[in-house]
6 protein chains.
Amino acid sequence: MQLGFVSAILPESTLEEVFAAAAEFGYDCVELMCWPQGKAERRYAGVTHLDTARFDQGAAEETLALADRYGVAISGLGYYPNPLSPDAAEAEGAVAQIRSVIAAAAVLGVRRMNTFIGRDWKLSVDDNWPRFLQTWEPIIRFAEEQNVQVGIENCPMLFTDDEWPGGKNLAISPAIWSRMFEAIPSTHFGLNYDPSHMVWQQMDYLQPLVDFADRIFHVHAKDVRVDRRLLDQVGILAKPIEYHTPKLPGLGEVDWGRFCSVLGDSGYTGPVCVEIEDRIYEGSLAARRQALQLSSHYLRNFIPRLPR
Amino acid sequence: MQLGFVSAILPESTLEEVFAAAAEFGYDCVELMCWPQGKAERRYAGVTHLDTARFDQGAAEETLALADRYGVAISGLGYYPNPLSPDAAEAEGAVAQIRSVIAAAAVLGVRRMNTFIGRDWKLSVDDNWPRFLQTWEPIIRFAEEQNVQVGIENCPMLFTDDEWPGGKNLAISPAIWSRMFEAIPSTHFGLNYDPSHMVWQQMDYLQPLVDFADRIFHVHAKDVRVDRRLLDQVGILAKPIEYHTPKLPGLGEVDWGRFCSVLGDSGYTGPVCVEIEDRIYEGSLAARRQALQLSSHYLRNFIPRLPR
Amino acid sequence: MQLGFVSAILPESTLEEVFAAAAEFGYDCVELMCWPQGKAERRYAGVTHLDTARFDQGAAEETLALADRYGVAISGLGYYPNPLSPDAAEAEGAVAQIRSVIAAAAVLGVRRMNTFIGRDWKLSVDDNWPRFLQTWEPIIRFAEEQNVQVGIENCPMLFTDDEWPGGKNLAISPAIWSRMFEAIPSTHFGLNYDPSHMVWQQMDYLQPLVDFADRIFHVHAKDVRVDRRLLDQVGILAKPIEYHTPKLPGLGEVDWGRFCSVLGDSGYTGPVCVEIEDRIYEGSLAARRQALQLSSHYLRNFIPRLPR
Amino acid sequence: MQLGFVSAILPESTLEEVFAAAAEFGYDCVELMCWPQGKAERRYAGVTHLDTARFDQGAAEETLALADRYGVAISGLGYYPNPLSPDAAEAEGAVAQIRSVIAAAAVLGVRRMNTFIGRDWKLSVDDNWPRFLQTWEPIIRFAEEQNVQVGIENCPMLFTDDEWPGGKNLAISPAIWSRMFEAIPSTHFGLNYDPSHMVWQQMDYLQPLVDFADRIFHVHAKDVRVDRRLLDQVGILAKPIEYHTPKLPGLGEVDWGRFCSVLGDSGYTGPVCVEIEDRIYEGSLAARRQALQLSSHYLRNFIPRLPR
Amino acid sequence: MQLGFVSAILPESTLEEVFAAAAEFGYDCVELMCWPQGKAERRYAGVTHLDTARFDQGAAEETLALADRYGVAISGLGYYPNPLSPDAAEAEGAVAQIRSVIAAAAVLGVRRMNTFIGRDWKLSVDDNWPRFLQTWEPIIRFAEEQNVQVGIENCPMLFTDDEWPGGKNLAISPAIWSRMFEAIPSTHFGLNYDPSHMVWQQMDYLQPLVDFADRIFHVHAKDVRVDRRLLDQVGILAKPIEYHTPKLPGLGEVDWGRFCSVLGDSGYTGPVCVEIEDRIYEGSLAARRQALQLSSHYLRNFIPRLPR
Amino acid sequence: MQLGFVSAILPESTLEEVFAAAAEFGYDCVELMCWPQGKAERRYAGVTHLDTARFDQGAAEETLALADRYGVAISGLGYYPNPLSPDAAEAEGAVAQIRSVIAAAAVLGVRRMNTFIGRDWKLSVDDNWPRFLQTWEPIIRFAEEQNVQVGIENCPMLFTDDEWPGGKNLAISPAIWSRMFEAIPSTHFGLNYDPSHMVWQQMDYLQPLVDFADRIFHVHAKDVRVDRRLLDQVGILAKPIEYHTPKLPGLGEVDWGRFCSVLGDSGYTGPVCVEIEDRIYEGSLAARRQALQLSSHYLRNFIPRLPR
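Per an unreviewed UniProt entry, the recorded name for chain A is Inosose dehydratase, and the organism is Lignipirellula cremea.

The following block contains the structure:
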């Protein structure tokens, strides 16, 4: 495995500064954010460390050379929109950019692109299904042509009132993943697995490492604390943010030793990228750099520093 | 405490047969269902063991005499509709019948009426709030006049697709109860507390016995089993019925010894009525009678048989 | 479900006395022991409450009439030898008697026969396999012809030095059951499931109720206490009896509420027969009668007394 | 084992009424309180169901005949004072009455007398030791002469401010029992074991059943609930009554199935007497009779009703 | 947060050596011990790294310059006597020195002073209360004038026979803190919170981080192991040291990931100072330096190395 | 304590390379493998980093000088054969080499030699006992003469079919250790304690640190993961490798903080040597070096880096 981080946490940094931070804090790799240029619509979105709109072979070589200079690899390209938005323009834009990022990943030779399935959050899973098939079959066919693995993150995207009740991403549970992979049976369609969402959804976060071993293309290392006293007041039917708090790895309920143990034994040898969404470490660039330093130090207890 | 059962489980029985069954299976009391005459709209609904439409002093005396003949008390009158239904006619009908049941309880001298708050299940709690106030202030004022305690059951009423996402009853958690009781501060407004809904909503079902000690007017004894293997597949954002199963007391996760221990120490001396919604025991009258026998036998481990 | 007991605990009683005890202690049914007449070779063996050697239609009618007189049913016929014994004569005798008991069950119309697979305890499972197939294919074929379900108890039969290391019964775990049922795919080949053996073998005793729902033909209600202080001294590689103690239901680690809950929801409606192997209750007939009284009283918390 | 109760809960009843209650509620035996006639100095004290001051052979025969008439046995004689009180007169009185009760037990042929060691509660265990030896060596010698087993209850007697900090009974833990039994090595010196005190003192209540198997002369069945929320506020250095509540068996934290399981396997065949100190069941004679009915019903899940 | 240590562990070192050790082992800050010059009366007491008797502006500047030279901050000044000692001279001396340390903290600009409330250990909390008020109201008034926060450590100071039964510090539990802060309502009166004392007192050590969020002025990082086998022998009424052992962070039962997680989310941004009282690491200066190295390394898994 | 590793993981490295790796990865010491020159008969066997066949004072001095050059100590000499093999030649060879390694340890001044007792795996413990005595009494007598402590590793050596059912080492549990040490009462006969084997044998791995405190001569730091889903399928009577997986420290179920805490408090001050048998880290020298780096980093959370 290689330890990395998601570049969204350094929105004000240039690509070179991102690579430099990775090297400084002992990371092996980075997942680069590839939002289209423009204004972010929510926290952690809208970051463009690699502009896929104008990404040709030359840009790819420059990018790889820069990474190489800092001894850092690119774990994958990331872009997390809502391709099933009820707003047709938003959905179309998302699909177009997903294709653009897949193409850039192919040019770059990274071969991993991470994103969301999306969802019309006012409809049930079943009612979203026809549009899921219609939208995603062509994307995955394109990814096969480009030989890029598309890893869907398992985040419910259900935080604010605007996302109630269904959230903006269908791919939240093993039951739904199985249904997705049966519906679109491609070896290029898999998961960008984040154990923290399993924790607060009260699911076993270890067994999927076994059951979906050949579908895990990329891993996010985020942690979470479920506050029992809060949950006791509101119950699981409340908005999730009322009872859980995203945290850095080691400051939550994921048992990272056990996680890395099962992940390794399932045959996974890819990147594990820290995703920082801990509000305590978001107030300033200095605080976010602390978060990067701390997460690297902590996870190095379970992921070796030496290259294989 | 007195051990009883909810009469909805014997829809084909006459009132006398209900009292006879209570006596036969060693119950102290019964909560009588008071739906308006007509067709049931869902399981467990539509049962009329006491017809409040034509309930005068004479009917009350007859009813009490009949109960007395079997040595059984009436724990309260129950009717569980959706008074906040988006269908205005349904909501109005529900409110009218609630008032009718309250009036009947007063005539009968039972002084406990149990029901739901209701909810427009497509709207958030906040968006339901104005209508909650508008609907419930007059009902509770009327209950005060009649000197009848209104106990709201804490069931989310979220089982089928038709109830997704919000369910048909607002009163599901301590946070919402507190808000309700602050908004309508009446000593006649309280809870018909069912611990099983707390269990599958992952809330502590004991602490509310302390925190809401003076608000618990009536108790339902239902149990529930949360199936971890199923929950691991679908997570808490799935429809609740995908991962939990209502069961008889003793066949679920409620620790009834602990429950009765804390309930008693909180000063509660009222009825504890078995509510049977266990599909294994629903196939026939014989099976439902088994359920009544079994539940009585089991709960008598924690509630004494002798009258005080 | 029907609550019963295994008649082996009353070796000195006549068949009528067995039925009388069942009635006295509130049991619905009895599993009758059918060892061939002769001397018992180990504890709990050698009991003959129904002699299959001379069992014709007339005997069957008499037996059923006697049961009927006491209002008790026969849950099945039981005989637990080692049909894979390395002693060829013992193995042949066992197979012959198994066939005889199957035939008697058919005559009696009970249609359940319970036994062991057997094992050459000095050989591995793999090394026993060819003989398992050779011995059991004809038996199951015969059972199909007789329309009798053969329920294999999941007891490892590993107690004394003479049974070390493998025990005298192959059918000890879900992995082996699956292999058995694949090798001999018959609807008449199933389990007489005893949760206590799962407990001390450190296996989940609930999940098989789901996974093998259509294979559970009969259930034994035995309990067990694993003594951590003893296990801490010797470990799981020691002889099992060094760290666990068979107990009556309610005096061990099986959660009988949960067990009956999952068993019922898996669709099981058959007999649950108490098997008494608790040394505290074996010293005298009076003590064994205490055990029957206590087990019936305890399990009636989870199994209704009324007939369906 | 025989199920009984401690007669202190029926202070207003005559001896015959005590036996009648035992018979009515299905108890096998009773522990009779033997305080000297006079005024009680604390709750549960001062009850005299058997007046040892004037107890000769004739009185013994009458008592046994009365017990026999109700089919009830006497499990032992009980008297629980402070024989190490700093008030010399109180201590002397206690010792004199202990001897009187021992003598009565001998006359009665019951051969079990239960009491406390006592303590000067303002002194440490060590500082009480010389007086313990001086007081108890003669008592135990006398008990040996009378062939009566003296069972010391393991209650810390630390409830009110007047008992702070040490409580009024030294014999509270395995460490102190070992020291006691080494200091006065007599087969007539043992325990009247009550698991509930172990629970709130945070000690394993099962292992002593094994470690002190030959010292357990009598057992009290009392239960207790430790309230975590209260303990979290005050900690174990607070007065014990601030965080725990004595309860009836089945309404607390003792696992009675496990308790009776280990107790039986340790060779114990004596009485298990319910001691009622649950305030919910103390308000009236009717409530205390409820407690007797409930405790008997509950414990009969683990102790057979039939005589051996 | 800043990671520091309590200087008491280096009694033989000069102030400069203390700062040097902090720098060498990667600490951000140090809590300096300020006992009056003289002989220590117990372990960990009597250390004087900053002599408040002769501490003027010049001394303050020198001290800060020295700290600065090693890149280390001063987290607070510490002095832990018994200001409520029954020995009036001892109590008066303690109060005088507490005032002297508060004054020094003000001169130094550190604004945090840590100490104990004290207690007459032979009296109950209630009996100590009048003297608590009389002693502490003037101290806190003085602290307000000096604008120094006084953090009371929550150590029961109950280890030896000389401290039995009440210990030498009243401020041991949330219940008492609430009472203290209500009695003397000042924003300069708070806690120097050490989770280890909560653990062995069997209290939740996380919830106070939320409930007393605005009262936590300073944190001690000490750990503890409760030995169940020992506790099972002696119970919670024994002297605490009979069943628990103070340990370095990471070698005990505090979950430091969870602790730092909740602490941070409660808004705490102050110092977390390792307090070393682990006998394995006390035998020599070398061993104590090992302890400092190990504790720093371990806690850096949860507290970032970078300055904010 | 000193952190080390077992040299078997570097079979292709010279002794100097082994010392260099220790220094590179921050280890204090190494346990050197001393198999006789020749072909390995199983994984992890057959490694010869110190050839005892030709080991004189000169060789010892060279070896120590080499270790010194890298600042690394030798924790002990290891050789793990089957001295009770049913193959007499194999057993004799093993005994001869054990003596040779003891002699070499004496010459080297290391005074710790680690090995197995051995076992005829087809026989019970009792049936192996006479040969155990006969074989081991002379070995231990020789060890006493050489003043070398012989530490027996507690590995059951039960992995493949060839080792079924008893494994190739008798010394697997506290019960057997006690029997061994009573049979051959020598202060030079003790344990090379590996907690991981306790874990999968379901034994407490902490209590032996207390109970056998004076017998623990050397410690192996290996970890293990027991997979519940696999165990649920096969049970504890299956071959152990069917349900557990050896892992690096921190990737298994051993709580290393608690382990080092109790180990230290038991008075142990010797070596703790990482034993690498994690298949994920075995594929290449690079992977094995990763394992050494990772294990050192992880265990340094609990074992200080500084020399004492």
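Draft legend 1. Quick peek at the relation of the copies chain B and chain A. Relative to chain A, chain B is turned by 180 degrees and slid 0.0 Å along the rotation axis, the superposed coordinates differing by an RMSD of 0.0 Å. Read as a symmetry element, the transformation amounts to a two-fold axis. A high fraction, 100%, of the interface residues of chain B reappear at the interface in chain A, so the copies pair face to face through one surface.

Draft legend 2. Local environment of the interface of chain B and chain A. At the junction of the two partners, chain B supplies 27 residues and chain A supplies 27 residues. With both sides pooled, the region where chain B packs onto chain A buries about 2100 Å², and carbon together with sulfur makes up 63% of that total. Where chain B packs against chain A, one counts zero salt bridges. One can count nine residue pairs in polar contact (both at pLDDT 80 or more) joining chain B with chain A. Looking at the side of chain B that touches chain A, the elements that each hand over two or more residues are α5 (174-183) and α8 (228-234) of chain B. Top contributing element to the side of chain B that touches chain A by residue count: α8 of chain B, with five residues.

Draft legend 3. Examining the interface of chain F and chain A more closely. Taken together, the contact between chain F and chain A spans 21 residues of the former and 19 residues of the latter. For the chain F face of the interface with chain A, the top three residues by lost area are Arg225, Gln290 and His297 of chain F, together amounting to 30%. On the surface where chain F and chain A come into contact, there are four salt bridges. Where Asp265 of chain A meets Arg225 of chain F, a salt bridge forms, and the shortest distance between an N and an O atom there is 2.7 Å. Broken down by secondary-structure element, the contributors of at least two residues to the side of chain F that touches chain A are β8 (223-226), β9 (244-247) and α10 (285-299) of chain F. At eight residues, α10 of chain F tops the list of elements feeding residues into the side of chain F that touches chain A.

Draft legend 4. Summary view of helix α9 (residues 256-265) of chain A. Residues and elements named next belong to chain A. Counting buried residues along α9, nine of its 10 residues qualify, which places the element largely inside the surrounding structure. Burial in α9 covers these residues: Trp256, Gly257, Arg258, Phe259, Cys260, Ser261, Val262, Leu263 and Gly264. A positive phi of about 95 degrees marks Gly267, the residue just after α9.

Draft legend 5. Spotlight on the relation of the copies chain F and chain A. It takes a turn of 120 degrees to lay chain F on chain A, together with a shift of 0.0 Å along the axis; the resulting RMSD is 0.0 Å. Accordingly, the operation relating the two chain copies is best matched by a three-fold axis. It is Asn301 of chain F whose C-alpha, among those of chain F, lies nearest the rotation axis, at 5.2 Å. A distinct binding surface is used by each copy, with only 10% of the interface residues of chain F retained as interface residues in chain A.

Draft legend 6. Focus on the arrangement of the chains. Contact between chain A and chain C is absent, and the least distance between their C-alpha atoms amounts to 16 Å. Chain F makes no contact with chain D, the minimum C-alpha separation between the two being 16 Å.

Quick notes on the rules
Residues numbered from 1 in each chain as written. Chains lettered and ligands numbered in written order. Predicted model: local features only at pLDDT ≥ 70, side-chain atom pairs only at ≥ 80, totals over all residues. Heavy atoms only, no water. Least-squares fit on C-alpha atoms with pLDDT ≥ 70 in both. Contact = heavy atoms within 4.5 Å. Buried area = accessible area lost by both parts, 1.4 Å probe. Salt bridge = Lys/Arg side-chain N within 4 Å of Asp/Glu carboxyl O. Polar contact = N/O pair within 3.5 Å; in protein donor to acceptor, adjacent residues only side chain to side chain. Helix = DSSP H or I, 4+ residues; strand = E, 2+ residues; numbered from the N terminus. Buried < 20%, exposed > 50% of the residue type's maximum accessible area, 1.4 Å probe, protein only.

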